[in-house]
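Structural description and commentary
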Amino acid sequence: MGSRLRAPAEFQTKQEILINSHYYDVTNWIPRHPGGKIIKFYTKEGEDASAAFDQFHGRCITKVTKFLKQLPKRDAAMENPTQFSPENQSREGNEVLLNQELSLLKSTFEAEGLFTPSYFRVFLRFMECLFLIIYGIYLTHCTSQFVKWIGLFTTSFGIGRCGWFGHEAGHRSLTGNIKIDKFLHQLTFAMSIGLSPSWWNSQHNRHHAMPQRLKHDVDLETLPLIAFNKKVIKDSKLGGIFKNNFFIRNQAKLFLTVDTFLVVFYWRFFLHPRYVIKKRAYADAVFMSLHHLILTSFLDPVNIFIIHFLTAIYLLGTFTLNHTHLEVTEEEKSWVEYGLEHTVDITSTPLTDWWMGYLNFQIEHHLFPQMPQYNNHLIRDRVAALAKKYDLPYQTLGFWEAWGKVFRNLEEVGNHVASGGGSLGIF
């Protein structure tokens, strides 16, 4: 949208990011960036990291801003004065103005206390997860097969609820204290689900930075089991090696019953352990080991398999509702455009809010990822007004309507491959 800022040719060999009208040299900082490779997304020509910098670092903005000032910088406004002129900012959809409005909204919400977490809510949600898991495991030891199955569903649901809790801890929006949230992330993600919080941070940040953007959003990298968009298949480097992928052709049928389990199985027993070893994430290793130790101490292998199966359906199935059926993009966009054009909200009801852990307010979550998610409904109208002002979409779907779109999209892509339109497969 609008005109884009371009770094002069003589600076192209440097790795720079644009933040609030200044280019900062991050060449030597990239390998040490705690947020992972996401910083490289913004070193590319035409990208503006202003909004992402503010939204990702809200809980430590003073410390990070102080560090930023130590980096070599140059004034982009001095070299490109027309880019920052009032005339340019008044154009509809100008990225600089959108960033300013987003920053103003965030300041307003902070003043209203909407970024201030509730420790009481955190306690209740944590106890809910703990109760469901402990009581569920207890029920699996009853003699009645019916009660055992209730126990398996209850345990699976409790572990799944830990996913929503851990998601907020990963965004540091639970308590507002980075160290406490990091510990809670370990408890509810590594120990409860068996996955690496460090891996989640690096990958999920990429998704938040540029949702639905090819070669950037890790959530699109689901081949060869699943393809959520035809362009994903076309864009894949593996295209042409195989033909008529069985899983993609039948993904609408296999998604909940097979694919979700295989994905989580692959994560839990290969991808995440490999990542932990490679990155020497020792804390992750300890808590992930506790996950397996606890389950194997109280459950037999068959019940563990069933719990993993049910948890995968709950977590991955719910995650697909807000993004996967939307169009992908290869274009540079502003933080606000990504949030409004490539995410959708799910209609709020008390049951939906609870079932989805408030992730049904996905647009608001993407624009303000460090706001406690239970407050997102309080900003919905003002976010919708921002979208209307700049003629940007603000999409809301019913819960079952979203499920319908997910499966119709899976079917459409599968039929595309079956008819010869795709070129990726393993069978």
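The model shown is predicted, which means the values in this text are computed figures rather than measured ones.

This paragraph deals with helix α19 (residues 380-389). Because an α-helix completes one turn every 3.6 residues, residues spaced three or four positions apart along the sequence face the same direction. Those residues of α19 that sit buried are V383, L386 and A387. Here the buried residues of α19 occupy an arc of 100° about the axis, which is enough to place them on one side. Exposed residues pointing more than 90 degrees away from the buried face of α19 are listed as D381, K388 and K389. Of the residues flanking the end of α19, it is D391, one or two places downstream, whose phi is positive at about 55°.

Attention shifts here to the pairing of strand β1 (residues 16-19). Of the two faces of β1, the one carrying E16 and L18 and the one carrying I17 and I19 are both buried. Sheet analysis places β1 next to strand β2 (residues 22-25), joined by 4 bridges and oriented antiparallel. The partner of I17 across the bridge, within β2, is Y24. With antiparallel pairing between neighbouring strands as the criterion, β1 and β2 make up a hairpin whose turn holds 2 residues, including N20 at a positive phi of roughly 50°.

Moving on: helix α8 (residues 145-170). If you check α8, its first and last C-alpha atoms are 37 Å apart, about what 26 residues at 1.5 Å a residue would give, namely 38 Å. For α8, a buried count of 19 out of 26 residues is recorded, marking the element as mostly surrounded by other parts of the structure. Phi for R172, located one or two positions after α8, is positive at around 60°.

Within the protein, residue pLDDT values average 89, and 89% of them lie at 70 or more. Counting interchain partners and residues more than four positions distant, the pLDDT-below-50 stretch residues 1-12 has 35 contacts. The low-confidence segment residues 86-93 (pLDDT under 50) makes 15 contacts with residues lying over four places distant or belonging to another chain.

Counting 40 residues, the largest nonpolar core has I17, Y42, F109, W335 and F368 as its most contacted members. Contacts of Y42, omitting those with residues within four sequence positions, involve E16, I17, E47, D48, A49, A52, A209, M210 and W335. L152, L187, I193 and L295 belong to the second largest nonpolar core, which has 36 residues in total.

Between two packed helices, the angle of one axis relative to the other and the distance separating the axes together describe the packing. Running from N to C, helix α13 (residues 251-279) and helix α20 (residues 399-418) cross one another at 125°; their axes reach a closest spacing of 8 Å. Between α13 and α20, the crossing angle belongs to the class labelled oblique. For the pair α13 and α20, contact is made by Q251, A252, F255 and L256 and by W403, F407, L410, E411, V413 and G414, respectively. Looking at the contact of α13 with α20 residue by residue, the classes come out as 7 nonpolar, 2 polar and 1 charged.

On to a positive patch on the surface, then. Together, K37, K40, K44, R274, K278 and K279 make up a positively charged patch on the protein surface. It is α13 that contributes the most residues to the positive patch, 3 residues altogether. When you line up the elements, K279 lands in helix α13.

What follows covers a nonpolar patch on the surface. A grouping of F120, F123, L124, M127, L130 and I134 is seen on the molecular surface, where their side chains present a nonpolar patch of about 590 Å² in accessible area. One can find F123 in helix α7 (residues 119-139).

Cut-off values and rules
- Residues numbered from 1 in each chain as written.
- Predicted model: local features only at pLDDT ≥ 70, side-chain atom pairs only at ≥ 80, totals over all residues.
- Heavy atoms only, no water.
- Buried < 20%, exposed > 50% of the residue type's maximum accessible area, 1.4 Å probe, protein only.
- Helix = DSSP H or I, 4+ residues; strand = E, 2+ residues; numbered from the N terminus.
- Arc of directions from axis to C-beta.
- Pairing = 2+ DSSP bridges.
- Expected span 1.5 Å × (residues − 1).
- pLDDT = per-residue confidence, 0-100.
- Contact = heavy atoms within 4.5 Å.
- Core = buried A, V, L, I, M, F, W, Y, C linked by side-chain atoms within 4.5 Å.
- Axes fitted to C-alpha atoms, helices over the stretch in contact; angles between N-to-C directions.
- Parallel < 35°, antiparallel > 145°, perpendicular 65-115°, else oblique.
- Nonpolar A, V, L, I, M, F, W, Y, C, P; charged D, E, K, R; others polar.
- Patch = residues over 30% accessible without salt bridge, like charges linked within 9 Å, V, L, I, M, F, W, Y side chains within 5 Å.
- Areas by Shrake-Rupley, 256 points an atom, 1.4 Å probe, with all protein chains shown as cover.
- Salt bridge = Lys/Arg side-chain N within 4 Å of Asp/Glu carboxyl O.
- Lys, Arg positive; Asp, Glu negative; His and termini not counted.
- Charge placed at Lys NZ, Arg CZ, Asp CG, Glu CD.

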